[in-house]
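Take a look at the letters that make up each chain.
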Amino acid sequence: MKVIVVGSSHGGYEAVRGILAEQPDTEIQWYEKGDFISFLSCGMQLYLEGVVKNVNSVRYATAKGMRAKGVNVFVHQEVTSVNPDAHTVTVHNLDDDSTREEKYDKLILSAGAIPASIPVSGRDLENVYAMRGRDWAIRLKAKTVDPDVQNVTVIGAGYIGIEAAEVFSKAGKHVTLIDILPRPLALYLDQEFTDILEKTLTDHNIYLATGQTVKEFTGKDGKVTTVKTDQAEYPSDLVVETAGIKPNTNWLKDTLDLTDKGLVKVDDHLQTSQPDIYAVGDSTKVPFAPTGKSLQIALATNARRQGRIAAKNVLGHDMKMPAVSGSSALSVFDYHFASTGLKEGTSAANGVKTQSAFVTDTTQPPFVPDAAGNQQVYFKLTFNPENHQVLGAQIMSKRDVTANINAISLAIQGKMTLDDLAYADFFFQPGFDRPWNIMNVAAQEALQKLA
Ligand code: FAD
């Protein structure tokens, strides 16, 4: 059997890996249009802050290593179209400008997404950057040490924008962080958490311009100098656009069924509208456990899960994509937060009526000194008030307690209730935590509220 995999990031890598692990004799052709295999944007902040020194190490695999395993790796070669009837793809070799047809028995597409560009005038000026992939990583890194760059404006205060703002703040730049929403990280955290983070960001020389709409970029000598919003003007030597992504599927629109947002429609086995063609990653939707509906949740975790499941199905298994909760975590200077499932702030948009219990405590018993790691922890549990089902949670502390959110993700997936969580068995050791884990405490408080 010959399998063609398109895209070498999380989804494509996992698909290749999954096939190799189970049927290493499969003929695999793996295509990447960039000149580098399997760069991980997830590791970009670590590189930009100098924690990881070599940009080329921010990857899962090398072409040489994968070729040694028998994979036919094609770098700088773009798959430009698919002919489902003939079971062929057209490949454009970007090195010599030649094209050829390649036959497949099964095709897995992980073409991902590209950064969305804000549709305002001036967006073609120099020094308007994006933050995704190795090329942008290298360019952004140069700007962190460029003395001509003093004012950096980041547009979009989601987790990528927060990463960008933190990088440039740590590099000594003055950062303005603009978002159309009234709070940073509004889709990840409710206000109890973002109030604290807003102060942290401001304390680190990041000016928050939330609740503002970008209207225009203006410049001088072809370079950006100012970002204008509906409320103010911000001097900008560098603009980093992190205001969302769009699926990289224009080249597939005449071949596969797409949603109105351009996402590839897949069934629960990740098969597209055409036989023997599977799609995974940021250009698809995933089933969302708290609601049972499908959503676009652009995370590496989802892409890898899908890549593995597509590989299984290609190899003849019968495997459905499990529902996910959209769990994610991030550090913002001294704070570490994680969230999963629904928040108070996202329930209405998902058409679900929820209630929440917010609790705060210290991570360890009061006799443990701060110097031993005892820190304030903030936790919010979101649930269905009628059937008590756990639907989401958020946690934040200066101590890294983010892994608790994985337990809540599992509770959501297992359709557990507040009653299950209130007395669930979690370990206690004063060096780590308290006799009642904060998840128990929040569930007990929620039940009391409902009684
Ligand atoms: P992409 O990563 O978009 O990659 C698609 C690949 O396919 C690209 O290499 C592209 O060049 C190639 N390609 C596209 N079309 C073709 C074609 N026609 N022919 C050949 N090659 C093609 N997620 C997390 O879970 N945790 C994190 O901490 C995290 N941090 C992130 C930080 C940043 C700065 C960014 C930008 C993203 C982060 N993400 C994180 C999200 C995660 O990176 C994405 O969800 C993930 O990359 C999606 O993988 P993908 O395989 O769908 O596609």
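Everything here concerns the structure above.
Computed from a predicted structure; not experimentally measured.

Each value, and the rule that gives it
- Residues numbered from 1 in each chain as written.
- Predicted model: local features only at pLDDT ≥ 70, side-chain atom pairs only at ≥ 80, totals over all residues.
- Heavy atoms only, no water.
- Helix = DSSP H or I, 4+ residues; strand = E, 2+ residues; numbered from the N terminus.
- Buried < 20%, exposed > 50% of the residue type's maximum accessible area, 1.4 Å probe, protein only.
- Contact = heavy atoms within 4.5 Å.
- Phe/Tyr/Trp six-rings, centres within 6.5 Å; stacked < 30°, edge-to-face > 60°.
- Near = heavy atom within 4 Å.
- Polar contact = N/O pair within 3.5 Å; in protein donor to acceptor, adjacent residues only side chain to side chain.
- Areas by Shrake-Rupley, 256 points an atom, 1.4 Å probe, with all protein chains shown as cover.
- Nonpolar A, V, L, I, M, F, W, Y, C, P; charged D, E, K, R; others polar.
- Salt bridge = Lys/Arg side-chain N within 4 Å of Asp/Glu carboxyl O.
- Expected span 1.5 Å × (residues − 1).
- Core = buried A, V, L, I, M, F, W, Y, C linked by side-chain atoms within 4.5 Å.
- Pairing = 2+ DSSP bridges.
- Axes fitted to C-alpha atoms, helices over the stretch in contact; angles between N-to-C directions.
- Patch = residues over 30% accessible without salt bridge, like charges linked within 9 Å, V, L, I, M, F, W, Y side chains within 5 Å.

*Asks:* Please give an account of the overall build of the protein chain that cites residues and values.
*Replies:* Counting its regular elements, the protein chain contains 11 helices and 25 strands. Taking the principal axes of its C-alpha atoms as reference, the protein chain extends roughly 70 × 60 × 40 Å. Residue burial in the protein chain is summarised as follows: out of 451 residues, 53% are buried. In the protein chain, of all internal contacts separated by at least 6 residues, the share reaching a separation of at least 24 is 61%.

*Asks:* Talk me through the packing of aromatic side chains; I want residue IDs and the actual numbers.
*Replies:* Under the defined criterion, the tally for this structure stands at 9 aromatic pairs. Geometrically, the ring pair formed by Tyr 13 and Tyr 60 is stacked, given 4.4 Å between the ring centres and 15 degrees between the ring planes. Here Tyr 60 lies in the loop between helix H2 (44–48) and helix H3 (63–68) and Tyr 13 lies in helix H1 (residues 10–22), a separation of 47 residues in the sequence. On the accessibility criterion, Tyr 13 (10% relative accessible area) is buried. Judged by its relative accessible area of 27%, Tyr 60 is partly exposed.

*Asks:* Give me the lowdown on the site of the ligand, citing residues and values where you can.
*Replies:* Looking at the ligand, there are 32 residues lining it, with Ser 9, Glu 32, Ser 110, Arg 132 and Asp 282 nearest. With respect to the ligand, the side chain of Glu 32 contributes an N or O atom lying 2.6 Å from an oxygen atom. The separation between a nitrogen atom of the ligand and a polar main-chain atom of Val 79 is 2.8 Å. Burial of the ligand by the protein chains amounts to 88% of its free accessible area of 1,000 Å². Of all the secondary-structure elements, those providing two or more residues to the shell around the ligand are H1, strand E2 (27–32), strand E4 (77–83), helix H5 (159–170) and helix H7 (300–314). By residue class, the composition of the shell around the ligand is 14 nonpolar, 12 polar and 6 charged.

*Asks:* Give me the pattern of salt bridges: which residues, what numbers.
*Replies:* Under the criterion given, the structure shown has 18 salt bridges. A salt bridge links Glu 14 to Arg 17; the shortest N-O distance between them is 3.3 Å. Of this pair, Glu 14 and Arg 17 both sit in helix H1, separated by 3 residues, roughly a single helical turn. On the accessibility criterion, Glu 14 (3% relative accessible area) is buried. For Lys 380, the salt bridge goes to Glu 192, with nearest N and O atoms at 3.0 Å. In this pair, Lys 380 sits in strand E24 (residues 376–383) while Glu 192 sits in helix H6 (residues 191–203), placing the two residues 188 residues apart along the sequence. Note on Glu 192: relative accessible area 29%, which makes it partly exposed. Among the ionic contacts, a cluster of salt bridges with common partners joins Glu 14, Arg 17, Arg 304 and Arg 308.

*Asks:* Residue-level account of helix H4 (residues 133–144), with values.
*Replies:* Because the α-helix completes a turn every 3.6 residues, residues three or four places apart line up on one side. With 12 residues, H4 extends 17 Å between its outermost C-alpha atoms, agreeing within 8% with the 16 Å of an ideal straight helix rising 1.5 Å per residue. Within H4, the full set of buried residues consists of Gly 133, Arg 134, Ala 137, Leu 140, Lys 143 and Thr 144. As for H4, its buried residues are in contact with H2, strand E9 (128–130), H5 and strand E16 (238–241).

*Asks:* Please provide a residue-by-residue account of the nonpolar core, values included.
*Replies:* Judged by nonpolar contacts, the single largest core of 40 residues is most densely connected at Leu 177, Val 240 and Val 332. At 5 residues, the largest contribution of residues to this core is made by H5. If sequence neighbours within four positions are ignored, Val 332 has contacts with Ile 162, Glu 166, Leu 185, Leu 197, Thr 200, Leu 201 and Phe 337.

*Asks:* Run through the sheet that holds strand E6 (residues 98–103), naming residues and quoting values.
*Replies:* What the 3 strands build is an open sheet, ordered E4-E5-E6; its pairing is antiparallel. Unpaired on one side and paired on the other, E4 and E6 mark the two borders of the sheet. Taken pair by pair, the neighbouring strands of this sheet meet at an average axis angle of 25 degrees, ignoring direction. Bridge count for E4 against strand E5 (residues 88–93) is 6 bridges, and the pairing is antiparallel. Following the sheet pairing, Glu 78 is matched in E5 by His 92.

*Asks:* Residue-level account of the sheet that holds strand E18 (residues 277–279), with values.
*Replies:* In spatial order, the strands read E3-E2-E1-E7-E18; together these 5 strands make up an open sheet with parallel pairing. Only two strands of the sheet have a single neighbouring strand rather than two, namely strand E3 (72–75) and E18. Pairs of neighbouring strands in the sheet enclose a mean axial angle of 15 degrees, with direction left out of account. Alignment of strand E1 (residues 2–6) against strand E7 (residues 106–109), held across 4 bridges, turns out to be parallel. Looking across to E7, one finds that Val 5 is bridged to Ile 108. Against the sheet, H7 contacts E1, E7 and E18, and its axis sits at roughly 175 degrees relative to E7.

*Asks:* Tell me about unusual backbone geometry, residues and numbers included.
*Replies:* For residues besides glycine, phi is generally negative; the peptide bonds are generally trans as well. Positive phi, normally seen in glycine, also occurs at Leu 185, with a value near 55 degrees. Structurally, the position occupied by Leu 185 is in the loop between strand E11 (174–179) and H6. Overall, the relative accessible area of 2% leaves Leu 185 in the buried class. Within the chain, Asp 276 stands out as a residue other than glycine whose phi angle is a positive 65 degrees.

*Asks:* Mind laying out a nonpolar patch on the surface, listing which residues take part and the relevant values?
*Replies:* Taken together, the side chains of Ile 180, Leu 181 and Leu 187 present a nonpolar region at the surface, about 290 Å² in accessible area. Tracing the backbone through its elements, the reader meets Leu 181 in the loop between E11 and H6. According to the relative accessible area criterion, Leu 181 is partly exposed, its value standing at 33%.

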